[in-house]
Amino acid sequence: MNVLVYRRKFDWHKYFCVVLVTVGVSMFMLYHETTSSKKAAATSSLWGLFLLCTNLSIDGLTNATQDQIFTKYKQVVSGQHMMFYMNVMGSLFSASYLILHPFNDELQQALLFFHQHPAVIRDVLLFGLCGALGQCFIFYTLQHYGSLRLVTVTVTRKLFTMLLSLFWFNHTLTLGQWIGVVLVFTAIGVEAYIGKQQKLKAKEAPNGSLKEFDVKKALSSEKPANKVA
């Protein structure tokens, strides 16, 4: 969406890394072993694919708009500002839907569940606290590194979570899943290597120009001495 809507351009390796991570995670999710009962229950739904594509499009537009806001109003808007306003608006929309919708009883069911199981309130509060802390890191990354880097980080984090779950519960990976893991780690390595090279070039550029300036200054200071001699 950054490219389509706001006509922004990125380095070629960023597109390459995003494609590798996306393909790797997709292979990891698609090439898992399924039992016969799960195969019978699995169905392909055009409506589900439509909803998924709609969600991805809106999510991409949101990230692109956030990048545009940080670029255009970087002296005014910070990650904390955007986090606050987005959560306020999200809370207002969610509360309006839960309270004002005439055929929705989800709020009543949730309150009834809390009343019947009061111990779960602590878990919900801890879950909300962890989510808030996680959002602090998310919006910091979004402000200083952009949505493209954020997507790479979040998708990679999901892969690590799935790998941890697999090793924790002693599951096995198929060949396609191992290929997906290799693709993701390849993307991480390429991103880290090129990013390091760019930082080294950025550090060497001022030093190189300074050395060139010192050489020119030394040569200019030697010319009068030669004339006197």
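For every chain, the first residue of its written sequence is number 1, and the numbers climb from 1 along that sequence. Per-residue local features are limited, in this predicted model, to residues with pLDDT of at least 70; the limit for side-chain atom pairs, both in listing and counting, is 80 or more; totals at the level of whole chains, interfaces and linings are taken over all residues. Just so you know, side-chain values use all the structure's heavy atoms and leave hydrogens and water out.

### Here's the deal with the side chain of Gln-66
Argument step 1. With respect to the element layout, Gln-66 can be found in helix H3 (residues 46-72).
Argument step 2. Each residue is placed in one exposure class: buried if its accessible area under a 1.4 Å probe, protein chains only, is under 20% of its type's maximum, exposed if it is over 50%, and partly exposed if it falls in between. A residue is classified by how much of its surface remains accessible, and Gln-66, at 7% relative accessible area, is buried.
Argument step 3. Apart from residues lying up to four places away in sequence, Gln-66 is in contact with Met-82, Met-86, Phe-139 and Leu-142. Secondary structure elements are defined from DSSP: runs of H or I of at least 4 residues count as helices, runs of E of at least 2 residues count as strands, and each element is numbered from the N terminus. In what follows, residue pairs with any heavy atoms lying within 4.5 Å of each other are defined as contacts.

### Examining the UniProt feature "transmembrane region" (unreviewed entry) in the protein chain
Argument step 1. UniProt positions are given in the numbering used here, feature names are shortened, and annotations may be inferred rather than shown by experiment. Residues annotated by UniProt as "transmembrane region" (unreviewed entry) correspond here to residues 12-32, 44-61, 82-100, 120-141, 148-169 and 175-194.
Argument step 2. Counted over residues 82-100, helix gives 100% and strand 0%. Its end C-alpha atoms are 26 Å apart.
Argument step 3. Between the end C-alpha atoms of residues 175-194 the distance is 29 Å, and the span holds 100% helix and 0% strand.

### Considering the pattern of salt bridges
Argument step 1. By convention in these notes, a salt bridge is any Lys or Arg side-chain nitrogen within 4 Å of a carboxyl oxygen on Asp or Glu. Overall, the coordinates contain one salt bridge when judged by the stated rule.
Argument step 2. Between Arg-122 and Asp-123 there is a salt bridge, with the nearest N and O atoms lying 3.8 Å from each other.
Argument step 3. Its relative accessible area of 57% is what places Arg-122 among the exposed residues.
Argument step 4. Judged by its relative accessible area of 40%, Asp-123 is partly exposed.

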